[in-house]
Structures are given as structure tokens and as C-alpha cells.
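# Topology and contacts: notes
Below are the chains, spelled out letter by letter.
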Amino acid sequence: MSKKTFQTIFALLLFSLTSFAQPQWKFPIAFEDGSGARDTIWYIWDSSATAGIDTLLGEGKILMDPNAFNVFITDFNLDSTKTHALPFGAISLGVTIRAINHQYPLTISWDSSMFSYNFTQGDSQIANAYILNGYFFLVNNGGPIPGSFDMLQDNHVEAPAYNWGSRNQFPMQIEITRLNTSDVDDPSNDIQVASPNPFSEELRFSIADINYVKIISIDGKTAFEKTFDQRLNNIETINLSHLNDGLYILVYKTSQSILHYEKIIKASNFK
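Residues numbered from 1 in each chain as written. Predicted model: local features only at pLDDT ≥ 70, side-chain atom pairs only at ≥ 80, totals over all residues. Heavy atoms only, no water.

## Here we look at the layout of surface pockets
Put simply, the rule reads: In this analysis the probe radius is 1.4 Å and the grid spacing 1 Å, with only protein atoms considered; a cavity is a set of points the probe fits into but cannot get out of, a pocket is an open set with protein on both sides within 12 Å along at least five of seven lines, and lining residues have an atom within 4 Å of a point. Grid points are joined across faces, edges and corners, and a volume is the space filled by probe spheres set on the points. Put simply, DSSP marks the helices as runs of H or I at least four residues long and the strands as runs of E at least two long, and each gets a number from the N terminus on. When residue character is reported, Ala, Val, Leu, Ile, Met, Phe, Trp, Tyr, Cys and Pro are called nonpolar, Asp, Glu, Lys and Arg charged, and the others, Gly included, polar.
Approximately 830 Å³ is the volume attributed to the largest pocket. If you go around the largest pocket, you meet 32 residues; those closest to its centre are H84, L86, G94, K214 and E225. Secondary-structure elements contributing two or more residues to the lining of the largest pocket are β3 (70-74), β5 (83-86), β6 (92-100), β11 (172-180), β14 (210-217), β15 (222-227) and β17 (246-254). Residues that form the lining of the largest pocket fall into these classes: twelve nonpolar, 13 polar and seven charged.

## Concerning the sheet that holds strand β13 (residues 202-205)
Picture the strands of a sheet paired through backbone hydrogen bonds; they go either parallel or antiparallel. Note the threshold: If DSSP finds at least two bridges between two strands, the strands pair.
Spatial strand order, β12-β13-β16: three strands in an open sheet with antiparallel pairing. Every other strand in the sheet has two partners, leaving β12 (194-195) and β16 (236-239) as the edge strands with one partner each. Pairing between β13 and β16: four bridges, direction antiparallel. Considered in β16, the bridge of F205 is made with E236.

## Details of the side chain of Q169
We count it as follows: Buried means the residue's accessible area, taken with a 1.4 Å probe over protein chains only, is under 20% of the maximum for its type, while exposed means over 50%, and partly exposed covers the values in between. Pairs of N or O atoms are called polar contacts if they sit within 3.5 Å, as long as, within protein, a hydrogen donor faces a hydrogen acceptor (for residues adjacent in sequence, only side-chain-to-side-chain pairs). The contact criterion used is simple: two residues touch if any of their non-hydrogen atoms lie within 4.5 Å.
Looking at the secondary structure, you find Q169 in the loop between β10 (156-159) and β11. Taking the relative accessible area as the measure of exposure, Q169 reaches 0% and is therefore buried. A polar atom in the side chain of Q169 sits 2.9 Å from the backbone oxygen of P160. With residues up to four places along the chain from it excluded, the contact list for Q169 reads Y104, L106, N133, Y135, F136, A159, P160 and Y162.

Printed below as a string of C-alpha cells:
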């Protein structure tokens, strides 16, 4: 084989590996407690991921030392794990993070440079990344959702002990949203569709293309979630009388896979 032929084959092989390699965005969120103990949660977008449990990507049940500091999330089998992976078709990576044996103060760290990653699939970029719980609802930096800490503005945050609400930093919700570049600055993202607001029992939606709704309490817990198989016909009414009075974050997704956020208030005496 001639040197020129070898170089040609090598170039073609390199092109093939580059062209068909499975892209991945793997984002670590590091936690360190007051004793110096450390643990990490991993968020992954991967072209080979599924909506289920992808053990090859690190999802699935793990064994944790019950006497050590651990942060963890829950998979679809309700097992504890430290990795959340979804395919690139999913526009949002978001889970509720819990912990055991933690000592205050906590430090949460991440690599903010990874938010500028160029997602070739769908011509998209990171639009929002935030932390939400009872503490960050009051101690925040004006995140994308009312009462959230905007991770795009920094690469770490202190999470000390505090004396209101649950008095515990956990559970906390960390959500990262990826939107098409053409949609990031779309003014329609700010349209309010839920009424009345405040509401007492029922919440009505007044647009015709919502296919997913989630309501999050200020401590980061999912209070309500529903997926619609078909587009709504002008008005959809959801009964939320079971929710406690208070402030919630409404997250809804349109048929164009654009996420919207809205602050809603439940007040039983509101008429």
C-alpha cells in the first residue's frame, strides 16, 4: 500500500468517525458540604439516550453508603441514581435532587462555560438554567422563573442553613432548558395564558397548542403534571383545588416544543 493511499484511507476513516460519532453534552453539578465531603449529579444529553433508563450512560440503581454525604435523584423505577440522561429531542433536563447526611454550609458548583455549547442538532442553545427551592425562592439573583437562582450568571452558589419554611436546602430542583436559537428571544414566550390569576380552584388555558403542563411549588416539588395527546380547543380547564394556597410556577410547552414560564397564585378565598 502506497503512502498516499494510506493517507487517503486514514482521512476517510477520520471523517467517518467524526461524522457519525454520537454527540453528547455531559454536565456535572458538584456539591460540597460543610465537612468537605463531595458528590456530583450528572445531566446528559446524548443521541443514544432514551426516555427510559440508560445504564450505559450511568442511569439506574446505585448503591450509596447510608452513613456518607450523598446527593441523588430518582429514576423511572423509583431507584436512587446520580445521572439523568435524555435524547436531544428532549428540550429540558430537570430533576428533583435530594441528599442525606449533609452538613451546612453547602457549595453548589458547575462549569458555566458549558452553557455556550453549540448544539448542532436542532440549531439550539442553552436558554435557561436555574435552581429552585424554598431557600432560593427568597435568596436569588433574578432567575428566569420568579424566585429562582440563575445559573447562567455564575459558576457556583452557597447554600447555607436557614430558618424559614422547610429549613432544608433539599429537595431542590435544577432545570436546564435548550431552545432553538430562533426562539430564545421570541417575545411570544412571555404571553400569559393561565387565568384567573390568582385562582381558587380551576385554572383555564386560552391558547390552542399546549401539549404539556407542569406546576412546581416553591420548594421545587412537582405539584401537577399533564401531557395532552392533541392540541387544545381554545380553552382547557384544570381543577387544582387539591393544591395548598401559595405561589407556584407554571411551566407549559407548545406544539413547537417551546417552554414558557408563568407565576401563578392559588388563593382559596379568591373570587
